[in-house]
Amino acid sequence: MQPVRKHHLVAFGLAGALLFSAAACGSSDSSSSSDGGGSGSTSEDATVWKVCSDMPYEPFEMEGEGPRGLKYTGFDIELLDAIAEDQNATLDITDSDFDTIFASVNAGNCDVVASAVTITPEREENSLFSEPYFDADQSLLVSKESGVTSLDDLAGKTIGVQTGTTGETYANENKPDGATVKAYPDASALFAALSADEIQGVLQDLPVNSDRAQKEDSVEVVETFKTGEQYGFAFAKDNTDLQGEVNDGLKAVKDDGTYDEIYEKYFPNAGN
């Protein structure tokens, strides 16, 4: 989540619920209006940040009981909500397909994208980004019974990726001879395809694959690809006001320890 999405972790078991992804979906109704050039939508009582996010992309974003009455949760959602609270704002979240998410924010349909989005030079040509808030790499998830131990073992086989993500880009640039790359709309479809043996491996963000391996005994992460990716929240190119507010809030929640609390909740084994 080159359209490209994605996170400096080594392969580790990720516990906890949650957000790639992939990267990158249904949709939720949004009641507030948005001006892509402003800092956010406003009501009589509070500033509302309209958020586009690709659901589910565990552990970064997913349906579930979230903070301050939100019906979505995950690392991205909890972090952005903490930032919004510091800036006296609330979130209004819409579930958006990842391959259209940048068009949505640039069209003013939302104020900010919170969807495990990798900051890339290509994306920065058309969108603004916050300061990075998460380091990540790519990875390969396979069935434990497959005998696959590396990307090279998938020569002549099919590798699943999410449409419009950095995982898709990496797979196309590094696939072994004879391998086919097949794109799916979201992480749920990828995992279902792997279970059905439609694909023989899932190449996407390490945190998302690791989260799946933690929850499902039949799969495992067999290889990590050091891509040095960093996630950021994205805004329309002219929305410098909201970019500044999010950066100020991000610094505040890092300084007061809130960021560390949320990180530990979703990635308790990150240092192991």
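Counting of residues starts from 1 at the beginning of each chain's written sequence and follows it residue by residue. Per-residue local features are limited, in this predicted model, to residues with pLDDT of at least 70; the limit for side-chain atom pairs, both in listing and counting, is 80 or more; totals at the level of whole chains, interfaces and linings are taken over all residues. Side-chain measures were taken over the full set of non-hydrogen atoms in the model, leaving aside hydrogen atoms and water.

Let's shift gears to the overall build of the protein. The secondary structure content of the protein amounts to 8 helices and 13 strands. Within the span of the protein, comprising 272 residues, buried residues form 56% of the whole. Shrake-Rupley sampling with a 1.4 Å probe provides the accessible areas, and residues are treated as covered by the protein chains on show and by no other component. Accessible surface for the protein amounts to roughly 10900 Å². Of this, 42% is attributable to carbon and sulfur atoms. A run of H or I in DSSP counts as a helix once it spans at least four residues, and a run of E counts as a strand once it spans at least two, with each numbered from the N terminus. Here's how the labels work: a residue is buried when its accessible area is under 20% of the maximum for its type, exposed when over 50%, partly exposed in between, all with a 1.4 Å probe on protein chains only.

Another aspect to go through is the environment of leucine 128. Its location among the elements puts leucine 128 in strand 7 (residues 127–129). Using a relative accessible area of 14% as the deciding quantity, one classes leucine 128 as buried. Along the chain, leucine 128 and asparagine 106 lie 22 residues apart, while their C-alpha atoms are 9.9 Å from each other. Ignoring anything within four residues of it in the chain, the contact list for leucine 128 reads Phe233, Ala234, Phe235, Ala236, Lys237, Asp238, Asn239, Thr240 and Gln243. By definition, residues are in contact when any of their heavy atoms lie within 4.5 Å.

Centres within 6.5 Å make a pair out of two Phe, Tyr or Trp rings, where for Trp the six-membered ring is used; the pair is then stacked when the planes are under 30 degrees apart, edge-to-face when over 60, and tilted otherwise. Under the defined criterion, the tally for this structure stands at 19 aromatic pairs. With 6.4 Å between their ring centres and 85 degrees between their planes, phenylalanine 75 and tyrosine 266 make a pair best called edge-to-face. Here the residue phenylalanine 75 occupies a position in helix 1 (residues 75–86), and tyrosine 266 occupies one in helix 8 (residues 258–266), the gap between them amounting to 191 residues. The two residues phenylalanine 75 and tyrosine 266 agree in class, both being buried. Look at NZ for Lys and CZ for Arg. If either is within 6 Å of the ring centre and within 35 degrees of the ring normal, a charge sits over the ring. The cationic tip of lysine 254 hangs over the ring face of tyrosine 259; the distance from NZ or CZ to the ring centre is 5.4 Å.

So, about helix 6 (residues 206–215). Buried within helix 6 we find Leu206, Pro207, Val208, Asn209, Ser210 and Asp211. Packed against the buried residues of helix 6 are strand 8 (134–143), helix 5 (187–195), strand 11 (201–205) and strand 12 (219–231).

So, about the sheet that holds strand 12. Think of it this way: DSSP has to see at least two bridges between two strands before they count as a pair. Reading across from one edge, 10-9-11-8-12 is the order of the 5 strands in this open sheet, with mixed pairing throughout. Of all the strands in the sheet, just strand 10 (180–184) and strand 12 have a single pairing partner and so form its edges. Each strand axis lies, on average, 25 degrees off the axis of its neighbour in the sheet, ignoring direction. With respect to the sheet, helix 6 is in contact with strand 8, strand 11 and strand 12, its orientation differing from that of strand 8 by roughly 45 degrees. Between N-to-C directions, angles cover 0 to 180 degrees, with each direction set by a line fitted to C-alpha atoms, over the stretch in contact for helices.

Right, let's talk about the pattern of salt bridges for a bit. Think of a salt bridge as a Lys or Arg side-chain nitrogen and an Asp or Glu carboxyl oxygen that are within 4 Å of each other. This structure, assessed with the given rule, holds 7 salt bridges. The partner of lysine 226 in a salt bridge is aspartate 137, and the shortest N-O contact between them spans 3.8 Å. Remark: aspartate 137 occurs in strand 8 and lysine 226 occurs in strand 12; sequence separation between them is 89 residues. A salt bridge links lysine 215 to aspartate 211, with the shortest nitrogen-to-oxygen separation between them at 3.0 Å. Placement of both lysine 215 and aspartate 211 in helix 6 is noted, with a separation of 4 residues, approximately one turn of the helix. Judged by relative accessible area, which is 45%, lysine 215 ranks as partly exposed. Judged by relative accessible area, which is 2%, aspartate 211 ranks as buried. Linked by salt bridges that have partners in common, Glu58, Asp211 and Lys215 make up one network.

Next up on the list: the state of the cysteines. We call a pair of cysteine sulfur atoms a disulfide when they lie within 2.5 Å. Overall, the coordinates contain 1 disulfide when judged by the stated rule. Each sulfur of the disulfide joining cysteine 52 and cysteine 110 lies 2.4 Å from the other. Between cysteine 52 and cysteine 110 the sulfur-sulfur dihedral comes to about -115 degrees; the bridge is accordingly left-handed. Residue cysteine 52 is located in strand 2 (residues 47–53), and its partner cysteine 110 is located in the loop between helix 2 (101–106) and strand 6 (112–113); the two are separated by 58 residues in the primary sequence. Here cysteine 52 and cysteine 110 have matching classes, each one buried.

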